[in-house]
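Residue-level structure breakdown
The primary structure of each chain is shown beneath.
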Amino acid sequence: MTAPKLALSDSAVTESTANAIVVGTVQQADGFELAPGSEAIDSQFDGTLTEVLAALGATGKAEEVVKLPTLGRLRADVVLAVGLGKEITPEQVRRASGAAARALTNVKRAHTLLSTLDLQAAIEGTALGAYTFTRYKSENGTAPVARVDFAAENSKENKATLKAATAIAEAVAVTRDFINTPPNDLFPASFAARAVELAEAAGVTVEVLDDKALRKGGYGGILGVGTGSSRLPRLVRLSYKGPKAAKKVALVGKGITFDTGGISIKPAASMEEMTSDMSGAAAVIASVILAAKLKYPLEIIATVPLAENMPSGTSYRPGDVLTMYGGKTVEVLNTDAEGRLILADAIVRAGEDNPDYLIETATLTGAQVVALGKRTAGVMGSDDFRDRVAGIAQRVGEGGWPMPLPEELRSELDSRVADLANVTGQRWGGMLAAGVFLREFVADGLQWAHIDIAGPAYNSGSAWGYTTRGGTGVPVRTIAAVLADIAENG
Ligand code: BES
Ligand code: MN
Ligand code: ZN
C-alpha cells in the first residue's frame, strides 16, 4: 500500500499548482448544479462550467466522473467533476471522494473542493478510494494519486480532523492489506508476527499463545479447528490502556487464515475467497492500534484466535467432541462451522477480563449474505448494545442491521452427547443460529455485539465509491466510532 500524502490547503483554488481540481455535482429535478464551494472555479470559466460539463455528459448522478481540460483557465490541467447524487450527505461526500480518487490514477497532485462540504468524509473517502494492493504485481501500470490537498482553513480543529481521518483510513488500509495477503503468506504464525510488529510500533502490549500454550491453557476450540493444518494455530492478545480510561472494551475477531471447510470440505467454486476468512481478526487488530494512535480514553483488550481450516490426517472430524476453553463441550457436526468454535474460546477468555462491553466480528455465515446481501452486516447481541452498534454502522456508511437471536433456535443446538452441537439440524436462520451458539459463551450480563461480516468484508465485484476490490476493511470504521461513542457517553 502506498498512501497518498494528504494535506489541508487554504490557498485560493485559482492559485493551486495541483494538476487536477475536484468539484462536486448535485442532481436536480432538471439537470444538475455545482456543489457549494465551486464558485471561484466557475467564474474562471465565466460562469459556464455547468453548461460545459453538461455538454460532456455530466448529470450529477452519484459517483459519475467527468474530466474537463482547463485550457489555461486555471493553473491545473484538468477539472474532475464527480457526482454526489441528489443529496449531500457525509456518505455521499465519502463515496464521491472515493470515486474521484480512483479516477485520479497517475496524477501527482489533486486539490479537492469536496472538503468544503464535509472535511472528514472527504479525507476518508479519498484515502480509501486511493488504496491499492500491488505487493504481488511485477509491474505497476498505474500509480494512485500521490498527493491530495483538501480545501479547508488551516485551523486547529481541521488539523485534528485531518489527523483522525488519516489514522482511520490507515487502519482500514492495514485491515485490507491483511485480507489481500494470500493465504500461503498469511497463516497463523505470520499473521501473529505482523500483529506483534504493529503493536510494538504503536506502544500496545501484545502476547501470543502458540499451540503448546494453547494446549496448556485448554483452548479446545482453537486447537480442534487448527490442528488439521501443518501451520499451527495461535491466539493473539493485544491490550491498550488509554489516559483516564473509564470503560473497558473487549474485542474479538475471527481469524481463519483460510477456510477449506476441513473434512466437511467446501465446493471448489469461489473457494479462493476464503482467504478473507480472517477479516474480523484483521479489523480488531487494526482497531486497537488505531485507538492507541488516537489515544482513546478507554481500556481495550483484543483476543484474536488464528487458525487454518484444512482437511488432513490430523484434522478434527464430524462426530468429534471438543472441550472448549472454560469447560463446555461441543459436538462437531460440520467442520465447516469452524468460526464459532475458535470464537467461543476467545469469547470466554475475553470475558475473564471483566469488560464493560464485548464487540466481536466474524465472516461467520453464508446465511448472512443470503439474508442481507454483500453490503449490510448482520448485528446481533444484547438488545441495546446491538441497536447502538447497528445505528453507528449505518451512520459511518458501513451498513449494519439489527438481527434477533430467537429463543427457539437454542434447542436446535442440543447435542446427543455434548453440551451443544456446532450446527442445527436445518439450514433456516443460519446467521441467527450462529449468534445463538456464540451467546452460550458470553459472560452473564455482559453487553455484547456480534457483527457478521461474511458479505461486507470482501468485495468480489468491481470497485464502487471508496470500496476497492478485495478486502474492504469493514467494520473498522464502525468499531472506531463505537469506541469513540463509549469514550464519550459511557
Ligand atoms: N467462512 C464461512 C462463512 C462465509 C461464507 C464467509 C461466505 C464469507 C462468505 C464459514 O466458516 C462457513 O463455512 N459457514 C457455514 C456454516 C454452516 C456449515 C452451518 C456456512 O455458512 O455455510
Ligand atoms: Mn467454514
Ligand atoms: Zn469460515
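Bear in mind that the values here come from a model prediction, so they are computed numbers and not experimental data. (Residues numbered from 1 in each chain as written. Chains lettered and ligands numbered in written order. Predicted model: local features only at pLDDT ≥ 70, side-chain atom pairs only at ≥ 80, totals over all residues. Heavy atoms only, no water.)

1. Concerning the overall build of the protein chain
What counts here: Each helix is a run of H or I in the DSSP string that is no shorter than four residues. Each strand is a run of E no shorter than two, and both are numbered from the N terminus. The quantity called the radius of gyration is restricted to C-alpha atoms. Its globule counterpart is 2.2 Å times the number of residues to the power 0.38. A 1.4 Å probe rolled over the protein chains alone gives each residue an accessible area, and that area as a share of the maximum for its type sets the label: buried under 20%, exposed over 50%, partly exposed in between. Throughout, a contact is declared for two residues whenever any of their heavy atoms are within 4.5 Å. The protein chains shown are the only cover counted for residues, whose accessible areas, like all others here, come from Shrake-Rupley with a 1.4 Å probe.
Looking only at helices and strands, the protein chain features 15 helices and 21 strands. Over its C-alpha trace the protein chain gives a radius of gyration of 24 Å, about what one expects of a compact globule, namely 23 Å for 490 residues. Referenced to the eigenvectors of the C-alpha coordinate spread, the extents of the protein chain come out at roughly 80 × 50 × 45 Å. The 490 residues of the protein chain split such that 58% are buried. Of all intrachain contacts in the protein chain linking residues separated by at least 6 positions in sequence, the fraction that spans at least 24 positions is 75%. Split by element, the accessible area of the protein chain, about 19400 Å² in all, is 50% carbon and sulfur.

2. Observations concerning helix H15 (residues 476-489)
Formally: Take the number of residues in a helix, subtract one, and multiply by 1.5 Å to get its expected span.
For H15, built from 14 residues, the straight-helix expectation of 20 Å at 1.5 Å per residue is met to within 8% by its first-to-last C-alpha distance of 20 Å. Among the 14 residues in H15, 10 count as buried, and that is most of the element. Listed in full, the buried residues belonging to H15 are Val476, Arg477, Thr478, Ile479, Ala480, Ala481, Val482, Leu483, Asp485 and Ile486. A positive backbone phi angle near 85° is found at glycine 490, which sits one or two residues after H15.

3. Focus on the coordination of the manganese ion (ligand 2)
To keep things clear, this is the line we draw: The donor set covers N, O and S atoms within 2.8 Å of the metal, switching to 3.2 Å for Na, K and Ca, and it leaves out water, so a site may look short of donors. Any site counts as irregular unless it has four donors with all angles between 85 and 135 degrees, making it tetrahedral, or four or six donors with opposite ones more than 155 degrees apart and the rest between 65 and 115, making it square planar or octahedral.
The protein atoms that coordinate the manganese ion (ligand 2) are Asp259 (OD), Asp336 (O), Asp336 (OD) and Glu338 (OE), at distances spanning 2.1 to 2.2 Å. Geometry at the manganese ion (ligand 2) is irregular, judged from the six donor atoms that bind it and their angles of 69 to 168° at the metal. As a motif over one chain, the donors of the manganese ion (ligand 2) read D-x76-D-x1-E. A spacing of 3.2 Å is found between the manganese ion (ligand 2) and the zinc ion (ligand 3), which share aspartate 259 as a donor. Here aspartate 336 lies in the loop between strand S14 (329-331) and helix H10 (339-351) and aspartate 259 lies in strand S11 (residues 255-259), a separation of 77 residues in the sequence. Taking the relative accessible area as the measure of exposure, aspartate 259 reaches 3% and is therefore buried.

4. Regarding the packing of helix H6 (residues 188-202) against helix H9 (residues 279-293)
Stated formally: Lines fitted to the C-alpha atoms define the axes, with helices restricted to the stretch that makes contact. Angles between their N-to-C directions range from 0 to 180 degrees. If an angle is under 35 degrees, it is roughly parallel; if it is over 145, roughly antiparallel; if it lies from 65 to 115, roughly perpendicular; otherwise it is oblique. Under the grouping applied here, Gly and all other residues not named as nonpolar or charged are polar, the nonpolar ones being Ala, Val, Leu, Ile, Met, Phe, Trp, Tyr, Cys and Pro and the charged ones Asp, Glu, Lys and Arg.
Packing of H6 against H9 brings their axes to within 9 Å, and their N-to-C directions diverge by 10°. Relative to H9, H6 is oriented roughly parallel. Each of Phe191, Ala195, Leu198, Ala199 and Ala202 in H6 lies in contact with H9, whose residues at this interface are Ala281, Ala282, Ile285, Ile289 and Ala292. Tallied by class, the residues present in the contact of H6 with H9 amount to 10 nonpolar, no polar and no charged.

5. As for the domain arrangement of the protein chain
Accessible area lost on assembly of the parts is the figure often given for the size of an interface. Applicable threshold: For the domains described, the bounds stem from an automatic or database domain assignment. The term buried area means the drop in 1.4 Å probe accessible area that two parts suffer when joined, counted for both and summed.
Domains assigned within the protein chain are domain 1 (5-151) and domain 2 (169-489). Distance from the C-alpha centre of domain 1 to the C-alpha centre of domain 2: 37 Å. Contacts between the two partners involve 16 residues from domain 1 and, on the opposite side, 17 residues from domain 2. Overall, the association of domain 1 and domain 2 removes approximately 1500 Å² of surface from exposure, summing both partners, and the carbon and sulfur fraction of that is 60%.

6. What to know about the site of ligand 1
Rules: We call a residue near a molecule or strand when any one of its heavy atoms sits within 4 Å of it. Polar contacts, as counted here, are pairs of nitrogen or oxygen atoms within 3.5 Å of one another; within protein the pair requires one atom able to donate a hydrogen and one able to accept it, and residues that are adjacent in sequence qualify only if both atoms are side-chain atoms.
Every one of the 15 residues lining ligand 1 counts as a neighbour, but Lys266, Asp277, Asp336, Glu338 and Gly366 are closest to it. At 3.5 Å, a backbone N or O of leucine 364 approaches a nitrogen atom of ligand 1. Contact between ligand 1 and glycine 366: an oxygen atom at 2.7 Å from a main-chain N or O atom of the residue. Within the complex, the protein chains bury 75% of what would otherwise be the 520 Å² of accessible surface of ligand 1. Within the shell around ligand 1, the residues separate by chemical class into four nonpolar, four polar and seven charged.

7. As for the side chain of aspartate 452
Basically, it comes down to this: In summary, the charge assignment counts Lys and Arg as positive and Asp and Glu as negative, without counting His or the chain termini. For salt bridges, the criterion is a side-chain nitrogen of Lys or Arg within 4 Å of an Asp or Glu carboxyl oxygen.
With respect to the element layout, aspartate 452 can be found in strand S19 (residues 447-452). Despite its burial, aspartate 452 pairs with no opposite charge, the nearest such side chain being arginine 340 at 7.5 Å. Separated by 2.7 Å, the side chains of aspartate 452 and threonine 365 make a polar contact. Once residues lying within four places of it in the same chain are set aside, the contact partners of aspartate 452 are Ala362, Thr363, Leu364, Thr365, Gln368, Ala377, Gly378, Met380 and Met431.

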